[in-house]
Structure formats: C-alpha cells, structure tokens
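# A look at the structure
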Amino acid sequence: MTEHDAQPTAERDRAHSEAGQDQPHPAAGEQPAAQENGAQVSTDGTPASGPEAAIPELVIISGMSGAGRSTAAKCLEDLGWFVVDNLPPALIPTMVELGARSQGNVARIAVVVDVRGRRFFDNLRESLADLDTRGVTRRIVFLESSDEALVRRFESVRRPHPLQGDGRIVDGIAAERQLLRELRGDADLVIDTSSLNVHELRAKMDAQFAGEEKPELRATVMSFGFKYGLPVDADLVADMRFLPNPHWVPELRPFTGLNEEVSAYVFNQPGAKEFLDRYAELLRLIAAGYRREGKRYVTIAIGCTGGKHRSVAMSEKLAARLAAEGVETVVVHRDMGRE
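The structure reproduced in this document is the subject of the present report. (Residues numbered from 1 in each chain as written. Predicted model: local features only at pLDDT ≥ 70, side-chain atom pairs only at ≥ 80, totals over all residues. Heavy atoms only, no water.)

## Overview of the packing of aromatic side chains
Tallied over the full model, the rule gives 4 aromatic pairs. With centroids separated by 5.1 Å and ring planes inclined at 15°, the aromatic side chains of Phe 275 and Tyr 279 adopt a geometry described as stacked. Taken as a pair, Phe 275 and Tyr 279 lie in helix H10 (residues 272–292) at a separation of 4 residues, close to a single helical turn. Residue class for Tyr 279 comes out buried when judged on its relative accessible area of 10%. Aromatic ring contacts, followed pair by pair, group Phe 242, Phe 275 and Tyr 279 into a single cluster. Sitting over the ring of Phe 267, Lys 317 keeps its end group 5.7 Å from the ring centre. (Phe/Tyr/Trp six-rings, centres within 6.5 Å; stacked < 30°, edge-to-face > 60°. Helix = DSSP H or I, 4+ residues; strand = E, 2+ residues; numbered from the N terminus. Buried < 20%, exposed > 50% of the residue type's maximum accessible area, 1.4 Å probe, protein only. Lys NZ or Arg CZ within 6 Å of the ring centre and 35° of its normal.)

This is the structure we're talking about:
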C-alpha cells in the first residue's frame, strides 16, 4: 500500500495563496472574517458557514518502533483516511489547515509520527497544544509491545533499532521507551501488539475506526490469455479452456467476449452457467474469509487461450454478479486486442 508523503513546501505556499484569493471581501460595515485552522471564523470566534469550515478529524499514530505503526496506518488508509507517514510534528497543524481548505475532500487525516529525539518530541507537544486551542478533534493511537517481542522482531528482519547506536537492541528500546513515556500517557488508545499478528492488529483498528460500516472488499476481475502468461498479481485463477472456443466459429472469430453473440455462444455451452453460479458461491465464502483476515483487495483472473472470447465473456458476467452482491468491482481485459 502506498503511503503518502508530506506535501512539499512550494505546494503548501501555493495552497495558502489560492485560499487567500478565494476569500470574499467584506461588505461595507461588516467585520472581515478571520482564518483559523483553514476554516473561516468570524471575529467573535464562531465558525462561519461554508465548506471551508469543515475541520478534518485527526488521528496521530505513534508508538514503539517495531510495534506495528505501518500496519495501523495501512488499515486506516484502507478505511478511507488520508494517511501521511513521517510528517514532522511541527507541520501537523499545517496539514490539518490544508485539509480544512479541501472543501470536504479530506475529512479524515492520519499522521504517523516517529519520535526519535527530544527536540522532535517538543515540537509534537507544541503542535498538540496548538491543535487543542483550535478545537481540532484529534486522537492519539499508541502502539506498544514488550521488550521481548520487539527484540524478536528486529532480529527476524536483521535490522538495528533506530536508537541503539553502538549498543544493543535492548538499549535502543529502552531509550525509545523513555522518550515516549509522556506521549503514551496522553494516548487515547493504547494497543499492545506483543501477542498480535498483522491480521489481529488490523481487526483491532477496524473495530475502533470502521464505525458501523464494515470495511469493504474490492475486487478486480481480470480476463487474460494463457499463451501470454499468468497475471503476476492474481490471487485466484480460473481456467475457461474447458469450454468450446468461439475462435473456431468463423462468424464469431473477429469479435470479442463483449459481443452479445459471442457471450450467448459461451453461456449456451454445457457447464458455463453452472460454473458461474458455483464460482460466485465459492467467492462469497472466500470473501468472508478475506474480510476476517483483514484482506481488502482481491484480483480474480479468468483465463482462456488468447484472452479474447471465453475469459472476457465470463469475466463480464462474474463482475456483474459480484457488483450485484455489493462488492466494489473493476473489470480489466488484459490481453483483449493483443493478437
């Protein structure tokens, strides 16, 4: 999953400039509106109406190195949060301000902070105080883990702890724990990942942030030709070569599986409709398991010889079946038109 970088300074400055140009001039006798946290605020301190007044919800993810900060961030990104990794704490208020000016396009922001030095921590404390004075709704999620679990994880990936210097891993863990003690005490949610695997951590994050809506599974249904090779990103592969090939029907050969006559030919063959029904039923079972395990994306590859007729027709029908059952589905015909 791609994690978003902090917005460059030049782009931030341009956003400030454009926002200033968009502000209307006050009418005669009226007091100009002040700007607070990117939202329009009147001189008496009450938020003005308009889309600019929507201040984003903010979650700050921090905690011990190796305790699962990246996993927690990816979970929030899958839930629709705008995630910024390794943003300097001093820029957090600016990030919230830019989100407030997005006219509702950035309603929830998650920031991953990695506190490794005293000055860095002081900046975070000042930023949190600034957010509190502006009335920003923010939560701190702190990822905790035992020394034994952290040592085991660092040794398994053969990486040093970022604060160990010339010492041992346990020395780095102890230094980081001391630095983060105050932040841990201020956290709204502390998750101990000592005995959790990745899927269990995602489940805990889902329980806290998914709300009443269950995280959705997104499916990509991809047709392909076996003669061009298997899709490298396929989670599931089905073979349509058990059906007669429309390629050998002269009047159907020039067309693809998107053609109604080709599709009718394919689904009039013995076993085609039965395959669609049973495979869709199997996918319902698999999808439920994927959701339990925290998997949010699945690629279903449907293949035939050339990826032109049978696989295309079956992919279209299967995608329509999944969409009708509420699965967000995208259809890709990888090799259609390649011959």
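## Brief notes about helix H3 (residues 92–100)
Among the 9 residues that make up H3, 9 are buried, leaving the element largely enclosed by the rest of the structure. What H3 keeps buried is the set Ile 92, Pro 93, Thr 94, Met 95, Val 96, Glu 97, Leu 98, Gly 99 and Ala 100.

## Points about the pattern of salt bridges
A full pass over the atoms with the stated rule returns 16 salt bridges. Taking the shortest distance from any N to any O, the salt bridge between Arg 138 and Asp 132 comes out at 2.9 Å. Measuring nitrogen to oxygen at the nearest pair gives 2.7 Å for the salt bridge that ties Arg 177 to Glu 144. Within this pair, whereas Arg 177 is found in helix H6 (residues 169–179), its partner Glu 144 is found in strand S6 (residues 138–144), the two being separated by 33 residues in sequence. Using a relative accessible area of 10% as the deciding quantity, one classes Glu 144 as buried. Sharing partners across several salt bridges, the network here consists of Glu 144, Asp 147, Arg 177 and Arg 184. (Salt bridge = Lys/Arg side-chain N within 4 Å of Asp/Glu carboxyl O.)

## As for the packing of helix H9 (residues 260–267) against helix H11 (residues 310–324)
Following both chains from N to C, one finds H9 and H11 inclined at 90°, their axes separated by 9 Å at the closest point. It follows from the interaxial angle that H9 and H11 lie roughly perpendicular. Facing Ser 263, Val 266 and Phe 267 of H9, the residues of H11 in contact are Arg 310, Ala 313, Met 314 and Lys 317. A breakdown of the residues in the contact of H9 with H11 according to their chemical character gives 4 nonpolar, 1 polar and 2 charged. (Axes fitted to C-alpha atoms, helices over the stretch in contact; angles between N-to-C directions. Parallel < 35°, antiparallel > 145°, perpendicular 65-115°, else oblique. Contact = heavy atoms within 4.5 Å. Nonpolar A, V, L, I, M, F, W, Y, C, P; charged D, E, K, R; others polar.)

## Topic: the sheet that holds strand S9 (residues 236–239)
The parallel open sheet is built from 4 strands, whose spatial order is S9-S10-S8-S11. Two strands bound the open sheet, and with one partner strand each, they are S9 and strand S11 (328–333). Mean inter-strand twist for the sheet, computed between neighbouring axes without regard to direction, equals 20°. Helix-sheet contacts for H10 involve S9 and strand S10 (297–304), and the interaxial angle to S9 is about 170°. Relative to the sheet, H11 contacts strand S8 (218–225), S10 and S11, its axis offset from that of S8 by approximately 170°. (Pairing = 2+ DSSP bridges.)

## Overview of the environment of Ile 92
With respect to the element layout, Ile 92 can be found in helix H3. Counting along the chain gives 17 residues from Ile 92 to Ile 109, while the straight-line C-alpha distance between them is 9.9 Å. For Ile 92, the residues in contact, after removing those within four places along its chain, are Leu 58, Ile 60, Leu 87, Val 111, Val 113, Leu 124 and Leu 131.

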